[in-house]
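# Reading the structure
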Amino acid sequence: MRRNQRIHQILSAIVAHGSLEVPELAERFGVSHATIRRDLEVLEQQRLVSRTRGGATTHAAFNDMPLSYKTTQDLVEKRRIAHAARRHLAGARVIGMTGGTTVTEFAHLLLESDGLTVVTNALNVAVHLLDNPRLRVFTAGGEVRSSSQETVGHSAEEFLAEYNVDVAFVGVDGVDASAGCTNYDPAGARVNAALLQRARKTIVLADATKIGRVALAQVCPMTSVDLLITDGRAAEAQIEQIRERDCEVSLV
């Protein structure tokens, strides 16, 4: 495993557990304690983790994993989810899109579309879609989160509240039958919720690593999601619990 990939996975593990010790990380990744300490030093310099006496915990200022860390993770599954999502564009004239790596993969597929209007708070998505002059793109202003390249705050929420959306394609950090869809960033969760309130149909795009995970702030309960598209690695018991919330689930 290359060092960058290992560091990405170390951060993901710490985020998932809250904190981890050096010996556990060394055993998990098959490297020495000294190597793990050097990797944790890199993450600490980026203000993503805080070193403890025997390991590391998420940094107090941590809102979300940087986009550069998330982009390469589970890429094959994210692309399958994106292709499945494209089949749900039929009849839609206005779609809403949040940020997130899976939604960004879906945005790549829109470069072949014609006549759509896209409303988003994700600056990277908006800029990417400008390569297709047949699309109309509306983007929300506000404070920009460097971790996700999404705008947040009252300006973004008020902007999204002005538009009626046929289908909203949403990326989240966690999907759980009881906790619903959640994000690490409370401000980002509020913006996503504002978009969903204006959508006739809500489709959540989340790879299997998000299923069963509960992040800090709720975006919406599962009963507010019409369709969850995820991959076949998701635990069957968790998928059945989500379906019991009247949410359709598509496994790809």
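For the structure itself, consult the block above.
Below: a short report on this structure. From a predicted model like this one, the values you see are computed outputs, not experimental measurements.

Strand-to-strand pairing in sheets goes through backbone hydrogen bonds, with the strands running parallel or antiparallel. Spatially, the seven strands line up as an open sheet ordered β6-β5-β4-β9-β12-β14-β15, and their pairing is parallel. Either end of the sheet is taken by a strand with one partner, and the two such strands are β6 (136–139) and β15 (248–251). On average, each strand axis in the sheet is inclined to that of its neighbour by 20°, with strand direction left out of account. Pairing between strand β5 (residues 117–120) and β6: four bridges, direction parallel. When the sheet's bridge partners are listed, Thr120 is paired in β6 with Thr139. Set on the sheet, helix α10 (residues 236–243) makes contact with β14 (227–230) and β15; between it and β15 the angle comes to about 145°.

Residues Val175, Cys181, Val204, Leu228 and Ile242 are the most contacted members of the largest nonpolar core, which totals 35 residues. Those elements that place two or more of their residues in this core are α8 (154–160), β9 (165–171), α9 (186–196), β12 (199–205), β13 (217–220) and α10. Ignoring sequence-local partners within four residues, the contact set of Val175 consists of Gly180, Cys181, Val204, Ala206, Lys210, Ile211, Gly212, Arg213, Met222, Leu228 and Ile242.

Moving on, we come to the pairing of β5. Of the two faces of β5, both are covered, the one formed by Thr117 and Val119 as well as the one formed by Val118 and Thr120. Between the parallel pair strand β4 (residues 94–97) and β5, the chain is carried across by helix α6 (residues 101–109), and the sense of this crossover is right-handed. In the classification by handedness, the crossover that spans β5, the intervening helix α7 (residues 123–129) and the parallel β6 is right-handed.

Below, the discussion takes up the environment of Leu111. Take Leu111: it is sitting in the loop between α6 and β5. Classification of Leu111 by relative accessible area gives partly exposed; the value is 29%. As a C-alpha pair, Leu111 and Asp131 span 20 residues in sequence and 7.0 Å in three-dimensional space. Non-local contacts of Leu111, meaning those with residues more than four positions away in its chain, are made with His128, Leu129, Asp131, Asn132 and Arg134.

Reading guide: rules and limits
Residues numbered from 1 in each chain as written. Predicted model: local features only at pLDDT ≥ 70, side-chain atom pairs only at ≥ 80, totals over all residues. Heavy atoms only, no water. Pairing = 2+ DSSP bridges. Helix = DSSP H or I, 4+ residues; strand = E, 2+ residues; numbered from the N terminus. Axes fitted to C-alpha atoms, helices over the stretch in contact; angles between N-to-C directions. Contact = heavy atoms within 4.5 Å. Core = buried A, V, L, I, M, F, W, Y, C linked by side-chain atoms within 4.5 Å. Buried < 20%, exposed > 50% of the residue type's maximum accessible area, 1.4 Å probe, protein only. Right-handed = clockwise from strand over helix to strand, strands pointing away.

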